[in-house]
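Residues per chain are reported as follows:
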Amino acid sequence: MERRNKKRILWGILLLFVFFLFYYLYVLMQIFSVINKTEEHSTTIVYEEVDQCIFVKSIMWGLLGNHYRIFFSDTDHTYPEERDVIFYDSEIFYKSNGIDSLYIYKPSNIRKPEENRQLGKVKVKTITVVNGTQWDNYKRNFKNLGLSRISVCDGIELP
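These figures come from a predicted structure and were not determined experimentally. Residue numbers restart at each chain and count upward from 1, following the sequence in its written direction. Only residues with pLDDT of at least 70 get local features here, since the model is predicted, and only at 80 or more are side-chain atom pairs given and counted; chain-wide, interface and lining totals rely on the full set of residues. The side-chain figures draw on all heavy atoms in the structure; neither hydrogens nor water molecules are used.

The term nonpolar core refers to a set of buried residues drawn from Ala, Val, Leu, Ile, Met, Phe, Trp, Tyr and Cys, joined through side-chain atoms within 4.5 Å. Relative accessibility thresholds used throughout: buried, under 20% of the residue-type maximum; exposed, over 50%; partly exposed, between the two (1.4 Å probe, protein chains only). Ranked by internal contacts, the top residues of the largest apolar core, which has 19 residues, are Ile 45, Ile 54, Phe 72, Leu 102 and Ile 104. Counting from the N terminus, the helices are the DSSP runs of H or I reaching at least four residues and the strands are the DSSP runs of E reaching at least two. At the level of secondary structure, the elements contributing two or more residues to this core comprise strand 1 (39-47), strand 2 (52-61), strand 3 (67-73), strand 4 (85-87), strand 5 (91-97), strand 6 (101-107) and strand 8 (122-129). Ranked by residue count, the leading element in this core is strand 2, at three residues. In this structure Ile 54 touches Thr 43, Thr 44, Ile 45, Tyr 47, Phe 72, Ser 73, Leu 102, Leu 119 and Val 122, once residues within four positions along its chain are discounted. Any two residues whose heavy atoms approach within 4.5 Å at even a single point are treated as in contact.

In structure tokens form, the structure reads like this:
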């Protein structure tokens, strides 16, 4: 009789162990699906006078969300191409200027792109903000300055 009880107890412990193992794996999969999620935001800037659209996208991905790109393109596609204007930072500001110009304000620590580019019929001028105080001013007062903000975390905020 004692032997039969020992077997039942061992089977119970084994079943309990298997249940907790599957539960642990399920919780772990849920955590990784949230952590490793790609977040994407997009908007379109329309230039009616020259019949041109500029597509703005921000993408954040990675296990810790530490990979990000913001890119401007004259075509609506999923991933950046060689001719796109690409920024490797989490936040920038931009402003339409005139009928065919786009000004993009970026902090000085971003590598690439060149200062002046052409996306279709739209001229893109990149303005590097060297002064950290000025960049903080853009962050606080971008709406008053008529700038639009794009961030990989919050998406796009218009003035």
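Here the focus is unusual backbone geometry. Phi is positive for Asp 51, which is not a glycine, with a value near 55°. Note on Asp 51: relative accessible area 65%, which makes it exposed.

The next point concerns a nonpolar patch on the surface. Together, Trp 11, Leu 14, Phe 17, Val 18, Leu 21, Phe 22, Tyr 24 and Leu 25 give the surface a local cluster of nonpolar side chains, amounting to about 840 Å² of exposed area. Secondary-structure assignment places Val 18 in helix 1 (residues 2-35). For patch detection, residues must exceed 30% relative accessible area and be free of salt bridges, and they are connected within 9 Å for like charges or within 5 Å for nonpolar side chains (Val, Leu, Ile, Met, Phe, Trp, Tyr). Residue burial considers only the protein chains on display, and all accessible areas are found by Shrake-Rupley using a 1.4 Å probe. We define a salt bridge as a side-chain nitrogen of Lys or Arg found within 4 Å of a carboxyl oxygen belonging to Asp or Glu.

So, on to the packing of aromatic side chains. We call Phe, Tyr and Trp rings a pair once their centres come within 6.5 Å, taking the six-membered ring for Trp, and we label the pair stacked below 30 degrees between planes, edge-to-face above 60, and tilted otherwise. What the rule picks out here adds up to eight aromatic pairs. Joined through ring pairs, the aromatic side chains of Phe 93, Tyr 105, Trp 135, Tyr 138 and Phe 142 make up one cluster.

The next thing to look at is the pattern of salt bridges. Summed over all chains, the structure comprises four salt bridges. One salt bridge in this structure joins Lys 139 and Glu 91, with 3.8 Å as the shortest N-O distance. One end of the pair, Lys 139, is in helix 2 (residues 132-141); the other, Glu 91, is in strand 5, and 48 residues separate them in sequence. On the basis of relative accessible area, Lys 139 is assigned to the partly exposed category, the value being 40%. The residue Lys 123 makes a salt bridge to Asp 100 at a minimum N-O spacing of 3.3 Å. Taken together, the positions of Lys 123 in strand 8 and Asp 100 in the loop between strand 5 and strand 6 put the pair 23 residues apart, joining distant regions of the chain. Each of Glu 91, Lys 139 and Arg 149 takes part in one network of salt bridges that share partners.

With respect to the element layout, Leu 147 can be found in the loop between helix 2 and strand 9 (148-151). Each C-alpha atom of the pair Leu 147 and Tyr 103 lies 9.3 Å from the other, and the pair is 44 residues apart in sequence.

Residues in a regular strand point their side chains to alternate faces of the sheet. Strand pairing follows a simple DSSP-based rule, namely that at least 2 bridges must link the two strands. Alignment of strand 2 against strand 3, held across seven bridges, turns out to be antiparallel. Within strand 3, the position partnered with Ile 59 by the bridge is Arg 69. Here strand 3 runs beside strand 4; their pairing, made up of three bridges, is antiparallel. Residue Phe 72 lies in a different strand from strand 4, and its bridge partner there is Val 85.

Ordered in space as 1-2-3-4, the four strands form an open sheet in which the pairing is antiparallel. Pairing within the sheet leaves two strands with one partner each, and these edge strands are strand 1 and strand 4. Between one strand axis and the next, the sheet turns through 15° on average, direction left out of account. To get an axis, fit a line to the C-alpha atoms, keeping to the stretch in contact for a helix; angles then go from 0 to 180 degrees between the N-to-C directions.

The element strand 2 is largely enclosed, with a buried count of eight among its ten residues. Counting the residues that bridge the hairpin from strand 1 to strand 2 gives four residues, and of these Asp 51 lies at a positive phi of roughly 55°.

A few words on the side chain of Ser 151. Tracing the backbone through its elements, the reader meets Ser 151 in strand 9. We define a polar contact as two N or O atoms separated by no more than 3.5 Å, with the added condition that, inside protein, one atom must be a possible hydrogen donor and the other a possible acceptor, whereas residues neighbouring each other in sequence contribute only through side-chain atom pairs. Within the local environment of Ser 151, its side chain forms a polar contact with the backbone oxygen of Ser 90, the two atoms lying 3.4 Å apart. Excluding residues within four positions of it along the chain, Ser 151 makes contact with His 41, Ser 58, Ser 90 and Glu 91.

Geometric values such as these leave the question of function open.
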